[in-house]
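# Structural overview
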Amino acid sequence: MAPTRAVVTTIIGGYEPLRDQPIAARSDLPFICVTDDPSLTSDTWEIRVIEPMFRRDPVRSARRVKILLHEYVPEFDETLFIDNSITLRELPETALEATLRDHDLALVRHSFRTTVADEFAIVADDGLDDPARVFEQLMHYTAEYPDVIAEAPYSAGFVVRRRTATVEAAMRTWFDHLLRYSRRDQLSLNVAL
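These notes cover the structure that comes with them. (Residues numbered from 1 in each chain as written. Predicted model: local features only at pLDDT ≥ 70, side-chain atom pairs only at ≥ 80, totals over all residues. Heavy atoms only, no water.)

### Description of the packing of aromatic side chains
What describes a pair of aromatic rings is the distance from one ring centre to the other and the angle between the planes of the rings. Inclusion rule: Classification of ring pairs rests on two measures: the distance between centres of Phe, Tyr or Trp rings, Trp counted by its six-membered ring, which must be within 6.5 Å, and the angle between planes, read as stacked under 30 degrees, edge-to-face over 60 and tilted in between. Here a helix means four or more residues in a row that DSSP labels H or I, a strand means two or more in a row labelled E, and each is numbered from the N terminus. We call a residue buried when its accessible area falls under 20% of the maximum for its residue type, exposed when it is over 50%, and partly exposed in between, using a 1.4 Å probe and counting protein chains only. When the NZ atom of lysine or the CZ atom of arginine is within 6 Å of a ring's centre and also within 35 degrees of its normal, the charge is said to sit over that ring.
A complete count under the given rule lists 4 aromatic pairs for this structure. With centroids separated by 5.4 Å and ring planes inclined at 70 degrees, the aromatic side chains of F31 and W45 adopt a geometry described as edge-to-face. Taken together, the residues span a long stretch of sequence, with F31 in strand β2 (residues 31–35) and W45 in the loop between β2 and β3 (46–49) at a distance of 14 residues. In terms of burial, F31 and W45 fall into one category: buried. The interplanar angle of 90 degrees and the centroid separation of 6.1 Å between the aromatic rings of F120 and Y141 together place this pair among those described as edge-to-face. Here F120, found in helix α3 (residues 116–125), pairs with Y141, found in helix α4 (residues 131–144); they are 21 residues apart in sequence, far enough to count as distant. The residues F120 and Y141 share a single accessibility class, namely buried. Among the aromatic side chains, those forming a connected cluster through ring pairs are F120, Y141, Y145 and Y181. Lying across the ring of F175, R64 places its NZ or CZ 5.8 Å from the centre.

Below is the structure:
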């Protein structure tokens, strides 16, 4: 039996308008937006309304959907998660077929950061999260995962995955780090993997 597939995005907290995906008209896959906004409508996305996990923390609530996607769209075996800032130019079937042929998880390397340490520096310098929490995470990772700090970081806005126990375990670890440390998901992704 062929795997069931979907494209998924999330908007929690109404921080930006939902970006339509014109390519959806040519795709055979469902495009699903998981949101906490019952008034949200779209011509290209099926809207699924949820109660956010953390009512006063829309960022972590949205990251929870992204990372633990299998809990929000359990009927799909394979998914392409895209951040709302991304507009697909190619059919999502192409990405799923090309990447999941030999792998259960596929990510894109960060386009302009060389190391995970560089990502930590930008997050701290730009004030994107509590500096004390970011510094603590960097110190813990430097002591426990020194090789990871020197790795090239991944971009967390485009995640292709097959639902397997191994992938789900890695995603659980990623989310646990997101709860313990910075809400900036790219800081903990390499460690989780």
